[in-house]
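One letter stands for each residue in the lines below.
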Amino acid sequence: MQLQFCGANRQVTGSCYLLEAGGQRILIDCGLFQERKYQSRNWDPFPFKPESIDVMLLTHAHLDHCGLIPKLVREGFSGKIYTTEPSVELASIVMLDSAKIHEEDAAYKIKRHKREKRKPPRPVVPLYTVDDAKKAIAHLEPIAFNACHRLADGVEVCFHDAGHVLGSAMLTIDVDGDGKDNSKKRLLFSGDIGQRDKPLIPDPTLIERADIVIMESTYGDREHREEGDVETKLAEAVNEAYDAGGNVVIPTFAIERAQELLFHLSQLLRAKRIPRVPVFLDSPMAIRVTDLFAKHRSFLDAQAQAMLDADNHPLEFPGLYLSKSADESRAINGVRGTAIILAGSGMCTGGRIKHHLGHNIARPESTLLFVGYQSPDTLGGLIVRGRDEVRIYRRNYPVYANVRQLHGLSAHADHEALLHWLDAVSPRPQQVFLTHGEEDVAEKLAEELRTTRGLNVEVPHYSQTVTL
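Conventions we followed
- Every chain is numbered independently, its residues counted from 1 as its sequence is written.
- Only residues with pLDDT of at least 70 are given local features in this predicted model, and only at 80 or more are side-chain atom pairs given and counted; all residues enter the totals for whole chains, interfaces and linings.
- The side-chain values count all of the structure's non-hydrogen atoms but skip hydrogen atoms and water molecules.
- Relative accessibility decides the category of a residue: with a 1.4 Å probe and only protein chains considered, values under 20% of the type maximum give buried, values over 50% give exposed, and everything between is partly exposed.
- Helical segments are the DSSP runs of H or I of at least four residues, strand segments are the runs of E of at least two, and each set is numbered from the N terminus.
- The pairing criterion for strands is at least two bridges between them, as found by DSSP.
- It only takes one pair of heavy atoms within 4.5 Å for two residues to be counted as in contact.
- Throughout this description, the term salt bridge denotes a Lys or Arg side-chain nitrogen within 4 Å of a carboxyl oxygen of Asp or Glu.
- Here, patches come from residues exposed beyond 30% relative accessible area and free of salt bridges, joined within 9 Å for like charges and within 5 Å for nonpolar side chains (Val, Leu, Ile, Met, Phe, Trp, Tyr).
- What sets the accessible areas is the Shrake-Rupley method with a 1.4 Å probe; for residues, cover comes only from the shown protein chains.
- Neither His nor the chain ends contribute to the count of charged residues, in which Lys and Arg are positive and Asp and Glu negative.
- Just so you know, the charge point we use is NZ for Lys, CZ for Arg, CG for Asp and CD for Glu.

Engineer: Tell me about the pairing of strand 15 (residues 340–343), and please be specific about residues and values.
Structural biologist: Side chains of strand 15 alternate between two faces, with Ile 340 and Leu 342 and Ile 341 and Ala 343 buried alike. For strand 12 (residues 248–251) and strand 15, the ladder comprises 4 bridges, and the chain directions are parallel. Of the residues in strand 15, the one forming a bridge with Ile 250 is Leu 342. Where strand 13 (residues 279–282) lies against strand 15, 4 bridges are found, and the strand directions are parallel. Pairing of Phe 280 across the sheet is with Ile 341, part of strand 15.

Shown next as C-alpha cells:
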C-alpha cells in the first residue's frame, strides 16, 4: 500500500493524495494551488497519469480541494467521483464559476496583448473551460454520511461529517491485510476539520480508531481566541464604521463564511446591537450556495433546523440585498451612508471584492474586515500584514482604511481543536502525516506531537511517496 502526496504539502492549498491499495489507484481530492508561488503547478502535468486513476473521493467543495478536477477529467480520468450530496451541488457551482473565471482571464490577456501589440511566447489558453467543468460534474456521485462503500476487494471508504462547510467530510478507508499480515489497516483523511460550537454546521466527527492519520494543520500554531465573542467583535466593527461614516467591506468566501456572517448579522440586527444599514451579498456564487442551506437542512445543526422548521430563516433579514448582476454590484458604490458589503473572493485574489477595495481602501472612515485565513502572498495577506500600499487592477492604493481581523469565524479547527480531534483517536495512531499548513506551522505542530504525545509524525514534501 502506497500513498503519494500530490498537493497541500508544506503549503495550504492544492489538496491531492494518491492511494494505491487493493489493486486500485484512489485519488483523494484534486484541488487548485492558490498561493502565488505555487500556481505554476496548476499548469504542470499531474504527478500521476490521470487515466490510471480508478476512482476519486472528494472531501468537500472548496476550490483548493476540487478546483483541478476539470483538468483531471480533460486529461483522461474517466471514473466516478464520490462525495456527499451537498458537495455534489457545491462542487458543481465552484467548478463552473472557476472555469468561467479562467476563460475570462484568458480572454482579457489576449485582448491586452493585442492592445499592447505583444506576442506571447505561447498561445494564451484557459486552465480549463466551462465545457471541461460540465464534463467533470457528470462524474460526481453522491454518498451518504456514515454509509460505508466498497471501492475494491478489501478496500472500503466511509464519509464522516467534518463540520467544516456544508456537506464536508473526513474519510476513513479500511484496507485488508496483504496475506502476510491479515490485520485490517485504517487510514483517516481529516479533510479540513471544522471548529466546534459553530452556527449552522454540526461539530466535526471524532474518529475513535485509525492506524494512519493524514491531518490538516492550517492553524496548527495558533488559537482562534477573541477578546469577546464573534458577534460582539462584529458589532464593534460595524458600529465603528457607522460612527465614522464609512463602509464595512468584508472579503468573503462563498461557501460557509458568507452564510455564517449572514447568520450573525441577522442575530445582531434582531437584537438591535447594530444600526439597520443595507447589507449587500455581492457574490452570485454565495447567493446560490445560500439557497442550498435550506434545501439540505438535514446536514445543518439542530439550531438551524429548528429555525427553518419555525419558518424563521437564519440567513434572511430585512435590509439584505442580493447583488446578482454586475450592474447591481457597481450600484453599491453609489449608496450614501454606511453599508456592509460581503463580496468574493475571500483572499482578494479576484472577483468583485477588488472593486470594492478600490473604492474603500484609501478611506480612513471605512473598515476592511477579514474573517478567514489569508495566504501571505495574496492581496488579502499583504493587507492584513500591514502593507502601506497595495496594487489593485494596475493601480497603487495607499491603505488608509481601518484593517481588522475576526479570527473566530474561521471554518478551520485551531491548534487546541486539532489536538482535541487527534487525541480522540485511541489507541494512538502508528503514523501521522501533517498537510495543509505553511511549512513552519506544520513543522512546529509535528515537533509538539512528537514530544508531548510520542507520535511518529512526518511533514511530507510535494510528490513524496511513502509505503504504508
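Engineer: Give a description of the side chain of Ser 168 that names residues and reports values.
Structural biologist: Residue placement: Ser 168 occurs in the loop between strand 8 (155–161) and strand 9 (169–175). Setting aside residues no more than four positions away along its own chain, Ser 168 makes contact with Thr 59, His 60, Ser 87, Phe 145, His 160, Asp 161, Ala 162 and Gly 163.

Engineer: Describe the pattern of salt bridges, and please don't skip the residues or the numbers.
Structural biologist: Applying the stated criterion to the full structure yields 26 salt bridges. With a shortest N-O distance of 2.1 Å, Asp 153 and Arg 150 are connected by a salt bridge. You can call Asp 153 exposed: its relative accessible area is 61%. The class of Arg 150 is exposed, set by a relative accessible area of 53%. Notably, a salt bridge pairs Arg 273 with Glu 231, separated by 4.0 Å at the nearest N-O pair. Taken as a pair, Arg 273 in the loop between helix 6 (257–270) and strand 13 and Glu 231 in helix 5 (residues 230–244) lie far apart in primary sequence, 42 residues in all. Several salt bridges share partner residues, and in doing so they unite Asp 174, Arg 186, Arg 209 and Asp 211 into one network.

Engineer: Can you explain a positive patch on the surface? Please cite residues and give values.
Structural biologist: Among the surface-exposed residues, Lys 111, Arg 115, Arg 391 and Arg 394 lie close enough to one another that they form a single positively charged patch. Here Lys 111 is to be found in helix 3 (residues 85–115). What makes Lys 111 exposed here is its relative accessible area of 57%.

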